[in-house]
Amino acid sequence: MSPLRYRRIVLKLSGEVLAGERGFGINPPVLDALSDEILAICGTGVELGLVVGGGNILRGATASEQGTDRVAADYMGMLSTVINAMALQDQLERRGLETRLLTAIRMDQVAEPYIRRRAVRHLERGRVILLAGGTGNPYFSTDTTAVLRAIEIGAEAIIKATKVDGIYTADPSEDPDAELIEQISYREVLEQDLRVMDSTAVTMAKENNLPILVFNIHRAGAVQGILAGEAIRNELATVRTGKAAPSLLDLVKVDAYGQQMPLNQLASVTAPEPRLLVISPFDPTQMAAIEKALLASDLGLTPANDGKVIRLPIPPLTEERRKDLVRVTHKIAEEGRVAVRNIRHDANKKIHASQKAGDMSEDEMHRQLKQVQDITDKHIQTIDEMLARKEKEVMEV
């Protein structure tokens, strides 16, 4: 089993993150810690694109409210993102990562122009790409930039860095009764005006079925934990239970348009009957490629292509097969626990090294070690709960 659900992601950082407690400019210790976290993420083998905001230097909307022409203010904000990206690039290169800075506004002396195919090639060659300069157009936020670029380069998720542990019903720093929301739909985010990202970004993500995962930038190993947790969730979802579920095809990849793409980005998958999946390609020319991918997968299912849709019958499971699948789910869960514990080990190692180098006090070290253990316990508990649900589902006749 692959330790990661997502092989290519876009990490969205706000400019304010780089400022730390100072609230403005670039705080070197924060930049160092952030670079260490990115290095650990890259160590998992994920292909990484970075989009960083510019609010620690200048926020276009704020400058406009203070009297600056809105278009001019937005371009100033875009240039601020380039400054932040250059600072981050320097730190990542110092740590041995190969990077490329691409900007939507041409500035050939410091960066390459953003060209989608070029960005994808850099990722395929193991380089981290920093996507700066926004979309190159005023009135669009860096949240929208992150979603747009993720869609363009074929990323499988957006990882949004915040100062809290996820999405809350209200700002937890202002409302002590704010509750953490474990999972929420795009529609609910928009209807409840939760503002985890701006509405344009959320709508684009919804229309393109792009997951948005939120994490606390101050928790060491948080991104790796999220990725490992999502890996287990989706691996278990692909274990066949004898009932038709669109999630069964979540890990199927199709050779389309010169690259491997998730099937759910090329077609809609529905379950009109308890033992039947129907796959409707968005582009009929990809029908043969989708059928080939299904046959090559390890699902053990035979697709029926009528030229318009692909029908995938789900045969009933025998008692012996159900018991075999329970053993498979336990194996997947244990691999997930091991992955989470390995992440804990790496995070703890980094924390001890920082304390030994004098970058943090012993009290701070113990506080961060406890945070890492809390995250580990939370993900292990989640895996156990998912395993119990899946085992019950598999054994249900």
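Conventions adopted
Residues numbered from 1 in each chain as written. Predicted model: local features only at pLDDT ≥ 70, side-chain atom pairs only at ≥ 80, totals over all residues. Heavy atoms only, no water. Helix = DSSP H or I, 4+ residues; strand = E, 2+ residues; numbered from the N terminus. Contact = heavy atoms within 4.5 Å. Areas by Shrake-Rupley, 256 points an atom, 1.4 Å probe, with all protein chains shown as cover. Core = buried A, V, L, I, M, F, W, Y, C linked by side-chain atoms within 4.5 Å. Buried < 20%, exposed > 50% of the residue type's maximum accessible area, 1.4 Å probe, protein only. Pairing = 2+ DSSP bridges. pLDDT = per-residue confidence, 0-100. Salt bridge = Lys/Arg side-chain N within 4 Å of Asp/Glu carboxyl O. Axes fitted to C-alpha atoms, helices over the stretch in contact; angles between N-to-C directions. Parallel < 35°, antiparallel > 145°, perpendicular 65-115°, else oblique. Left-handed = near helix turned anticlockwise from the far one by under 90°. Nonpolar A, V, L, I, M, F, W, Y, C, P; charged D, E, K, R; others polar. Patch = residues over 30% accessible without salt bridge, like charges linked within 9 Å, V, L, I, M, F, W, Y side chains within 5 Å. Expected span 1.5 Å × (residues − 1). Polar contact = N/O pair within 3.5 Å; in protein donor to acceptor, adjacent residues only side chain to side chain.

### A closer look at the overall build of the protein chain
Looking only at helices and strands, one finds twelve helices and 15 strands in the protein chain. Taking as baseline every contact in the protein chain between residues at least 6 positions apart, the subset at least 24 positions apart corresponds to 69%. Put simply, the protein chain shows about 19,600 Å² of open surface, and 50% of that area lies on carbon and sulfur atoms.

### Description of the nonpolar core
Counting residues in hydrophobic clusters, the biggest one holds 32 residues, and the most contacted among them are Ile9, Leu11, Leu13, Ile38, Leu48, Leu50 and Leu88. The next biggest cluster of nonpolar side chains, apart from the first, holds 25 residues, and it includes Tyr114, Ala146, Val202 and Val214.

### Description of the pairing of strand S6 (residues 157–162)
Looking along a regular strand, one sees the side chains alternate between the two faces of the sheet. Burial analysis of S6 places six of its six residues in the buried class, the great majority of the element. Alternating residues of S6 divide into Ala157, Ile159 and Ala161 and Ile158, Lys160 and Thr162, and every residue in both groups is buried. Note that strand S1 (residues 8–13) and S6 share four bridges and pair parallel. Looking at S6, one finds that Leu11 is bridged to Ile159.

### Some points on the confidence of the model for the protein chain
Here the protein chain shows a mean pLDDT of 80. Residues at 70 or above account for 81%. Contacts of residues 231–242 to residues separated by more than four positions or lying in other chains number 55 contacts, the stretch itself having pLDDT below 50.

### Thoughts on the side chain of Thr145
By secondary structure assignment, the location of Thr145 is in helix H6 (residues 142–153). Other than its neighbours up to four places away in sequence, Thr145 contacts Val51, Gly134 and Thr135.

### Remarks on the pattern of salt bridges
Side chains carrying opposite charge are able to pair once their charged atoms draw close together. In the structure shown here, the tally under the stated rule is 21 salt bridges. The shortest N-O distance in the salt bridge between Lys12 and Asp143 comes to 3.4 Å. Note that Lys12 is positioned in strand S1 and Asp143 in helix H6, a separation of 131 residues in sequence. Considered together, Lys12 and Asp143 belong to a single accessibility category, that of buried residues. Taking the shortest distance from any N to any O, the salt bridge between Lys370 and Asp374 comes out at 3.0 Å.

### A short note on unusual backbone geometry
If a residue is not glycine, its phi is most likely negative; likewise, a peptide bond is most likely trans. The backbone phi angle of Tyr139 is positive, close to 75 degrees, even though this residue is not glycine. Residue position: Tyr139 is located in the loop between strand S5 (128–132) and H6. Of note, the phi angle at Tyr257 is positive, near 55 degrees, even though the residue is not glycine. Mapped onto the fold, Tyr257 is located in the loop between strand S10 (253–256) and strand S11 (259–262).

### Focus on the environment of Ala333
Inspection of the secondary structure puts Ala333 in helix H11 (residues 319–356). When the C-alpha positions of Ala333 and Leu387 are compared, they lie 6.5 Å apart, and in sequence the two are 54 residues distant. If we ignore the near neighbours within four places in the chain, the residues touching Ala333 are Ile383 and Leu387.

### Notes on the sheet that holds strand S13 (residues 276–281)
Reading across from one edge, S12-S13-S15-S14 is the order of the four strands in this open sheet, with antiparallel pairing throughout. Looking at strand neighbours, the two that pair on one side only are strand S12 (267–273) and strand S14 (304–305), the edges of this open sheet. Bridge count between S12 and S13: five bridges; the pairing is antiparallel. The partner of Ser268 across the bridge, within S13, is Ser280. Contacting S12, S13, S14 and strand S15 (310–313), helix H10 (residues 287–296) runs over the sheet at an angle of about 15 degrees to S15.

### A few points about the side chain of Asn27
Position of Asn27 among the secondary structure elements: in the loop between helix H1 (15–19) and helix H2 (28–42). Residue Asn27 is classed as buried on the basis of its relative accessible area of 13%. Contacts of Asn27, omitting those with residues within four sequence positions, involve Leu18, Ala19, Gly20 and Arg22.

### Here's the deal with the packing of H6 against helix H8 (residues 199–207)
As a packed pair, H6 and H8 sit with axes 7 Å apart at the nearest point and diverge in direction by 20 degrees. One finds that H6 runs roughly parallel with respect to H8. Where H6 crosses over H8, the handedness of that crossing is left-handed. Along the contact surface, H6 presents Asp143, Thr144, Val147, Leu148 and Ile151, while H8 presents Thr200, Ala201, Met204 and Ala205. In the contact of H6 with H8, the residues fall into six nonpolar, two polar and one charged.

### Re a nonpolar patch on the surface
Together, Val71, Tyr75, Tyr139 and Phe140 give the surface a local cluster of nonpolar side chains, amounting to about 390 Å² of exposed area. Of note, Val71 is situated in helix H4 (residues 70–94).

### Here's the deal with H4
Between its first and last C-alpha atoms H4 spans 37 Å; for 25 residues at 1.5 Å apiece the expected length is 36 Å, and the two agree. Put simply, Asp69 is the residue that caps the front of H4, since its side-chain oxygen is 3.2 Å from the backbone nitrogen of Val71.

### Observations concerning the environment of Ala271
Looking at the secondary structure, you find Ala271 in strand S12. C-alpha of Ala271 to C-alpha of Pro246: the two residues are 25 residues apart in sequence and 6.6 Å apart in space.

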